[in-house]
Amino acid sequence: MVALIRTSVARKYAMALSGFFLLFFLLQHLTINFTSILSAETFNFLSHFMGTNPFVQYALQPVLAFGVFFHIAMGIVLELQNRAARDLNYSYSNPAASSTWMSRNMIITGIAVLLFLGLHFYDFWFPELKLKFIDGVWNIEDRYFSELQHKFADPIRTALYVLSFGFLALHLLHGFQSAFQSVGFRNNKYTPTVKLLANIYGVAVPLGFIVVALYHYFGSLTH
Amino acid sequence: MNLTLKIWRQQDANSKGAMHTYEVSDISEHMSFLEMLDVLNEGLVAKGESPVAFDHDCREGICGMCSLYINGEPHGPDRAITTCQLHMRKFKDGETIHIEPWRAKAFPVIKDLTVDRSSFDRIIQAGGYVSVNTSGNTQDANAIPIPKADADNAFDAATCIGCGACVAACKNASAMLFVSAKVSQLALLPQGQVERKDRVMNMVDQMDKEGFGNCTNTGACSIECPKEISLDNIARMNREFLIASVLPE
């Protein structure tokens, strides 16, 4: 396995598979977030379930944490290796003639999403861990919606979230279809559909997160 | 046409290179790009200066020797051609043209615009061959039935001339389009089945040893390729690699 991961093609598979996992996670996260627009009770119920269910907490959450860490670490390793493969850059280059900005700058959009994760963990995950594992409070079932409203009442935080989801969209617009290419799924019949799905997913999912953030920000103005 | 040329000059592999500026005049728009460089070199030789070294051979787009990075793109601004097929009518009078060698750690500069592409040869040596029965009863290749789609895909992959434009175009200096074309052309045909699994593992291993970068699917390689080698080949090589890894012989 270690020998396998040393090869460039195996690294492509590893990056793609961790990417698929995160694509699925994002969809699940958005689905629960979106219920906060529809029903505070449903959002509280689902959030409490995800935050207290032993399988989610002790099986899925460590897998997710590993998936996120692996995707980030592998992305940085690949970037460093790729930079080393060209010891002297061109003095005049026209990369836009043959590739998209998104495909060439996954490290920039990836680091932007990583910085956002730091903010997101500071806002939600670290307080959640403290409450549950240090303070020992596990049974408040109706706190999640009010916490969400409180966080998005801050216009600067909301603006940072919206900006970050913009970077996430740029990352997904290349990453989604690139993952399929990396695992060898490419043919004349299905690749156009994959690219269409990639564009829909890459726009709709970040837009969904933006809608949730803005909904609660503007909601806070009327309270 | 009168042109300003900014050209990479480098004495040898161990010297530090730099961009130098030259002026050329009375260039016909019907000249090929390499003929324009010939004119420049005649002038330099007449002045007692060292001519600009650049690779070329057939000058009809089939040998894969010419290798110039022109105005920010391998083989220049046109599509599906090599540098030797590029003509001066693609440029405007008074234009400044930037000319550099392929840049990749695995393609070290030999002199000026010529680079050492023997890393490609070593990748071919690692697996780009088929076993042939030399006992005297070798089957005629034309007598072996091959599905039309496979024959077409194998032929398309085999049109790769190994010029290295894919590496030059890739922001990561990845050689995956070249290697995948060489893997594909043999993996698709009956003659290539004996070494099929060893081939992909050995060629990928050699590619990594040579110091090429990782593919991140930007697609620039295929767009800049003079033979329009498809990204389908990279996907096929990835599948071949997975099968050979999971089910080794």
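Fair warning: this is a prediction, and the values are worked out from it, not measured in the lab.

Caption draft 1: Inspection of the overall build of chain B at higher detail. Secondary structure assignment for chain B yields eight helices and seven strands. The principal-axis extents of the C-alpha atoms in chain B amount to approximately 60 × 35 × 35 Å. Looking at chain B as a whole, 46% of its 249 residues are labelled buried.

Caption draft 2: Broad picture of the overall build of chain A. Each helix and strand in chain A was counted, giving nine helices and zero strands. Ordering the α and β elements of chain A from the N terminus gives α-α-α-α-α-α-α-α-α. In chain A, which comprises 223 residues, the share counted as buried stands at 27%. Long-range pairs, those at least 24 residues apart, make up 84% of the contacts in chain A with a sequence separation of at least 6.

Caption draft 3: Spotlight on the interface of chain A and chain B. Counting residues at the interface gives 35 residues for chain A, matched by 39 residues for chain B. Of all the secondary structure elements, the ones that give two or more residues to the side of chain A that touches chain B are helix H2 (8-38), helix H4 (54-84), helix H5 (101-104) and helix H8 (155-182) of chain A. No other element matches the five residues that H2 of chain A contributes to the side of chain A that touches chain B. In terms of residue class, the side of chain A that touches chain B is made up of 14 nonpolar, 15 polar and six charged.

Caption draft 4: The domain arrangement of chain B, seen in detail. All names here are of chain B. Taken domain by domain, chain B consists of domain 1 (3-111) and domain 2 (118-246). The distance between the C-alpha centroids of domain 1 and domain 2 comes to 29 Å. At the junction of the two partners, domain 1 supplies 18 residues and domain 2 supplies 16 residues. For the side of domain 1 that touches domain 2, a count of residues per class yields 10 nonpolar, five polar and three charged.

Caption draft 5: Seen up close, the packing of H2 of chain A against helix H9 (residues 191-222) of chain A. All names here are of chain A. Where H2 contacts H9, the axes come no closer than 9 Å and their chain directions differ by 30 degrees. Accordingly, the angle class assigned to the pair H2 and H9 is roughly parallel. Of the two possible hands of crossing, H2 and H9 adopt the one that is left-handed. In this structure, H2 uses Leu 26, Leu 27, Leu 30, Asn 33, Phe 34, Ser 36 and Ile 37 to contact H9, whose residues at the interface are Val 205, Gly 208, Phe 209, Val 212 and Tyr 215. Considered class by class, the residues forming the contact of H2 with H9 number nine nonpolar, three polar and no charged.

Caption draft 6: Looking closely at the sheet that holds strand S1 (residues 3-9) of chain B. Residue and element names in this part refer to chain B. In spatial order, the strands read S2-S1-S5-S3-S4; together these five strands make up an open sheet with mixed pairing. Two strands close off the open sheet at either side, each with one partner strand: strand S2 (18-24) and strand S4 (73-74). Bridging between strand S3 (residues 68-70) and strand S5 (residues 96-101) involves three bridges; their strand directions are antiparallel. Counted as the bridge partner of Tyr 69 is Glu 100 from S5.

Caption draft 7: Structural detail: the pairing of S5 of chain B. When S1 of chain B meets S5 of chain B, the two strands line up parallel, connected through four bridges. Along S5 of chain B, the bridge assignment pairs Lys 6 of chain B with His 98 of chain B.

Caption draft 8: Structural detail: the confidence of the model for chain B. When pLDDT is averaged along chain B, the result is 96; 100% of the residues meet or exceed 70. Taken over the whole predicted complex, pTM reads 0.95, whereas the ipTM for its chain interfaces reads 0.93.

Caption draft 9: Expanded view of the environment of Asp 38 of chain B. As for its placement among the helices and strands, Asp 38 of chain B is situated in helix H1 (residues 33-46). For the pair Asp 38 of chain B and Val 52 of chain B, spaced 14 residues apart in the sequence, the C-alpha separation amounts to 8.9 Å.

Caption draft 10: Structural context of the packing of helix H6 (residues 106-134) of chain A against H8 of chain A. Residue and element names in this part refer to chain A. Contact pair H6 / H8: the axes reach a minimum separation of 9 Å and the direction vectors enclose 140 degrees. It follows from the interaxial angle that H6 and H8 lie oblique. Crossing hand, H6 versus H8: left-handed. In this structure, H6 contributes Met 106, Thr 109, Gly 110, Ala 112, Val 113, Phe 116 and Leu 119 to the contact, and H8 contributes Leu 160, Ser 164, Phe 167, Leu 168, Leu 170, His 171, His 174 and Gly 175.

Caption draft 11: Geometry of the pairing of S2 of chain B. Residues and elements named next belong to chain B. Of all seven residues making up S2, only zero are buried, and the element is barely covered by its neighbours. In terms of strand pairing, S1 meets S2 through seven bridges, oriented antiparallel. Its bridge partner lying in S2, Lys 6 is registered against Thr 21.

Caption draft 12: Molecular detail of unusual backbone geometry. Residue and element names in this part refer to chain B. Although it is not a glycine, Arg 59 adopts a positive phi angle of roughly 55 degrees. By the secondary structure assignment, Arg 59 is in the loop between H1 and S3. A positive phi angle, close to 60 degrees, is found at Asn 217, a residue other than glycine. Looking at where Asn 217 falls in the secondary structure, it is placed in the loop between helix H6 (196-209) and helix H7 (220-224).

The rules behind the values
- Residues numbered from 1 in each chain as written.
- Chains lettered and ligands numbered in written order.
- Predicted model: local features only at pLDDT ≥ 70, side-chain atom pairs only at ≥ 80, totals over all residues.
- Helix = DSSP H or I, 4+ residues; strand = E, 2+ residues; numbered from the N terminus.
- Buried ≥ 20, exposed ≤ 12 C-beta atoms within 10 Å, placed from the backbone.
- Contact = placed C-beta atoms within 7 Å.
- Nonpolar A, V, L, I, M, F, W, Y, C, P; charged D, E, K, R; others polar.
- Domains from an automatic or database assignment.
- Axes fitted to C-alpha atoms, helices over the stretch in contact; angles between N-to-C directions.
- Parallel < 35°, antiparallel > 145°, perpendicular 65-115°, else oblique.
- Left-handed = near helix turned anticlockwise from the far one by under 90°.
- Pairing = 2+ DSSP bridges.
- pLDDT = per-residue confidence, 0-100.

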